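Residue-level structure breakdown
These are the residues of each chain, in order.
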Amino acid sequence: MEIIRAYQQLMTYNKKYSYIQSDGKIVFNNNWAWIVVFQAQNKRNYAIVKYDSGKYTVIEV
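Quick summary incoming for the structure in this document. The shown structure was predicted, so the numbers you read here are calculated from the model rather than taken from an experiment. (Residues numbered from 1 in each chain as written. Predicted model: local features only at pLDDT ≥ 70, side-chain atom pairs only at ≥ 80, totals over all residues. Heavy atoms only, no water.)

Let us now look at the overall build of the chain. Across its full length, the chain carries 1 helix and 4 strands. Mapped in sequence order, the helices and strands of the chain form the string α-β-β-β-β. Expected size for 61 residues packed as a compact globule is a radius of gyration near 10 Å; at 11 Å, the chain falls within 12% of this value. Here the chain holds 61 residues, and 28% of them are scored as buried. By sequence separation, contacts in the chain at least 24 residues apart represent 30% of the contacts at least 6 residues apart. Element-wise, carbon and sulfur atoms account for 50% of the exposed surface of the chain, whose accessible area totals about 4200 Å². Counting 8 positive and 4 negative side-chain charges, the chain places the averaged centre of each group 5 Å from the other. (Helix = DSSP H or I, 4+ residues; strand = E, 2+ residues; numbered from the N terminus. Rg over C-alpha atoms; globule rule 2.2 N^0.38 Å. Buried < 20%, exposed > 50% of the residue type's maximum accessible area, 1.4 Å probe, protein only. Contact = heavy atoms within 4.5 Å. Areas by Shrake-Rupley, 256 points an atom, 1.4 Å probe, with all protein chains shown as cover. Lys, Arg positive; Asp, Glu negative; His and termini not counted. Charge placed at Lys NZ, Arg CZ, Asp CG, Glu CD.)

Before going further, it helps to spend a moment on helix 1 (residues 2-12). One turn of an α-helix holds 3.6 residues; hence residues three or four places apart share an orientation. Burial in helix 1 covers these residues: Glu2, Ala6, Tyr7 and Leu10. Taken end-on, helix 1 shows its buried residues confined to a sector of 125 degrees, consistent with a single buried face. As for helix 1, its buried residues are in contact with strand 1 (25-29), strand 2 (33-39), strand 3 (46-52) and strand 4 (55-60). (Arc of directions from axis to C-beta.)

Shape is all these values report; function is a separate question.
Here is the structure:
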């Protein structure tokens, strides 16, 4: 469920690269905060979606 919500937040973000939902990996989850990482289709860039305290943060690297 976290991957679906993270992907939806990523799609609303003004992203520079293309991402696929099935490429999402949960790297941290303690039930009230989580981090999901998506690899871009160019295989060089990543998007990190963090959920904490009811807020989403999206970062592209």
